[in-house]
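# Descriptive analysis of the structure
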Amino acid sequence: AMQEFINRYPSSEFVEDASNVIDDIQKRLELKGFENAKQYYRMQKWNAAVIAFDSFASSYPDSKYNEEVLYLKFMAQYEYAMQSISIRQIERFQEANEFYKEFIDRYPESSFLRDAEKFYAKSLEEINDLSSY
């Protein structure tokens with residue numbers, strides 16, 4: 001409705017107010033999308049969390065939450081691999097490692113870096129252990 005108002009009355013004195021309402025709503029929707037994706041993570045629905053984080057990043061490519069989204073996506077995939085059956089673990093750890101690399105490439109100075117590196121090392125150890133079977 002606000003966008004329609006702006007389109008219909010572009011020279012109105014209320015255009016700025018309407019734009020502010022649109023911006024506020026967009027920020028609220030972005031936060032809601034982020035919290036919804038994190039809810040899967042909190043519920044330990046690892047695969048659903050990965051999908052939700054992908055969906056969020058696709059819907060909000062410039063979001064201020066994307067650093068945490070990529071970190072949590074890596075962590076969710078790591079946990080998913082840990083809880084998988086053994087014949088699926090290697091491929092799932094490898095996928096987690098790809099998510100780690102994407103995270104590091106985009107956010108090399110992240111506050112989540114130390115924790116991510118620790119789990120990346122654990123993931124590599126798991127792959128090595130599983131490969132020796």
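Residues numbered from 1 in each chain as written. Predicted model: local features only at pLDDT ≥ 70, side-chain atom pairs only at ≥ 80, totals over all residues. Heavy atoms only, no water.

## Focus: the environment of alanine 57
Using the following cut-off: Here a helix means four or more residues in a row that DSSP labels H or I, a strand means two or more in a row labelled E, and each is numbered from the N terminus. Relative accessibility under 20% of the residue-type maximum defines a buried residue, over 50% an exposed one, and the middle range a partly exposed one, all with a 1.4 Å probe and only protein chains included. Only heavy atoms enter the contact rule, under which two residues are in contact if any of them lie within 4.5 Å.
Structurally, alanine 57 can be placed in helix α3 (residues 46-59). Classification of alanine 57 by relative accessible area gives partly exposed; the value is 25%. In the structure, alanine 57 is positioned 10 residues away from glutamate 67 in sequence and 9.8 Å away in space, judged by C-alpha atoms. The residues touching alanine 57, leaving out its near neighbours within four places in the chain, are Asn66 and Val69.

## Notes on the environment of asparagine 7
With respect to the helices and strands, the residue asparagine 7 is situated in helix α1 (residues 2-8). What makes asparagine 7 exposed here is its relative accessible area of 56%. The spatial distance from the C-alpha of asparagine 7 to the C-alpha of phenylalanine 119 is 50 Å, given a sequence separation of 112 residues.

## Notes on helix α6 (residues 113-131)
Side chains of residues three or four places apart in an α-helix project in the same direction, reflecting 3.6 residues per turn. Going by this rule: Each helix should span, by expectation, one fewer than its residue count multiplied by 1.5 Å. Of all possible arcs, the one meant is that of the directions from the helix axis to the C-beta atoms.
For α6, which comprises 19 residues, the first-to-last C-alpha distance of 27 Å matches the rise-based estimate of 27 Å (1.5 Å per residue) to within 8%. Along α6, the residues classified as buried are Leu113, Ala116, Phe119, Tyr120, Ser123, Ile127 and Leu130. For α6, the angular spread of buried residues about the axis comes to 130°, placing them on one side. Pointing more than 90 degrees away from the buried face of α6 are the exposed residues Arg114 and Asn128. Buried residues along α6 sit in contact with α4 (66-82) and α5 (86-106).

## Side note on the nonpolar core
Cut-off, in case you're wondering: Nine residue types can take part in a nonpolar core, namely buried Ala, Val, Leu, Ile, Met, Phe, Trp, Tyr and Cys, and a core is a set of them joined through side-chain atoms within 4.5 Å.
In terms of nonpolar packing, the biggest core is built from 31 residues, with Phe74 and Phe103 touching the most fellow members. Counting residues per element, the ones that place at least two in this core are α2 (15-42), α3, α4, α5 and α6. Among the elements that make up this core, the one with the highest residue count is α4 (nine residues). Look past the residues within four positions of phenylalanine 103 in its chain and what remains in contact with it is Glu67, Leu70, Tyr71, Ser110, Phe112, Leu113 and Ala116.

## Concerning the pattern of salt bridges
Going by this rule: Salt bridges are defined as contacts in which a side-chain nitrogen from Lys or Arg sits within 4 Å of a carboxyl oxygen from Asp or Glu.
Throughout the structure, instances matching the rule amount to nine salt bridges. Notably, a salt bridge pairs glutamate 4 with arginine 8, separated by 3.3 Å at the nearest N-O pair. With glutamate 4 and arginine 8 both in helix α1, this residue pair falls four residues apart, about one helical turn. The residue lysine 118 makes a salt bridge to aspartate 115 at a minimum N-O spacing of 3.7 Å. Taken together, the residues lysine 118 and aspartate 115, both in helix α6 and three residues apart, mark about one turn of the helix. Under the relative-accessibility criterion, aspartate 115 is labelled partly exposed at 27%. Linked through salt bridges whose partners overlap, the residues forming this network are Asp54, Lys73 and Glu102.

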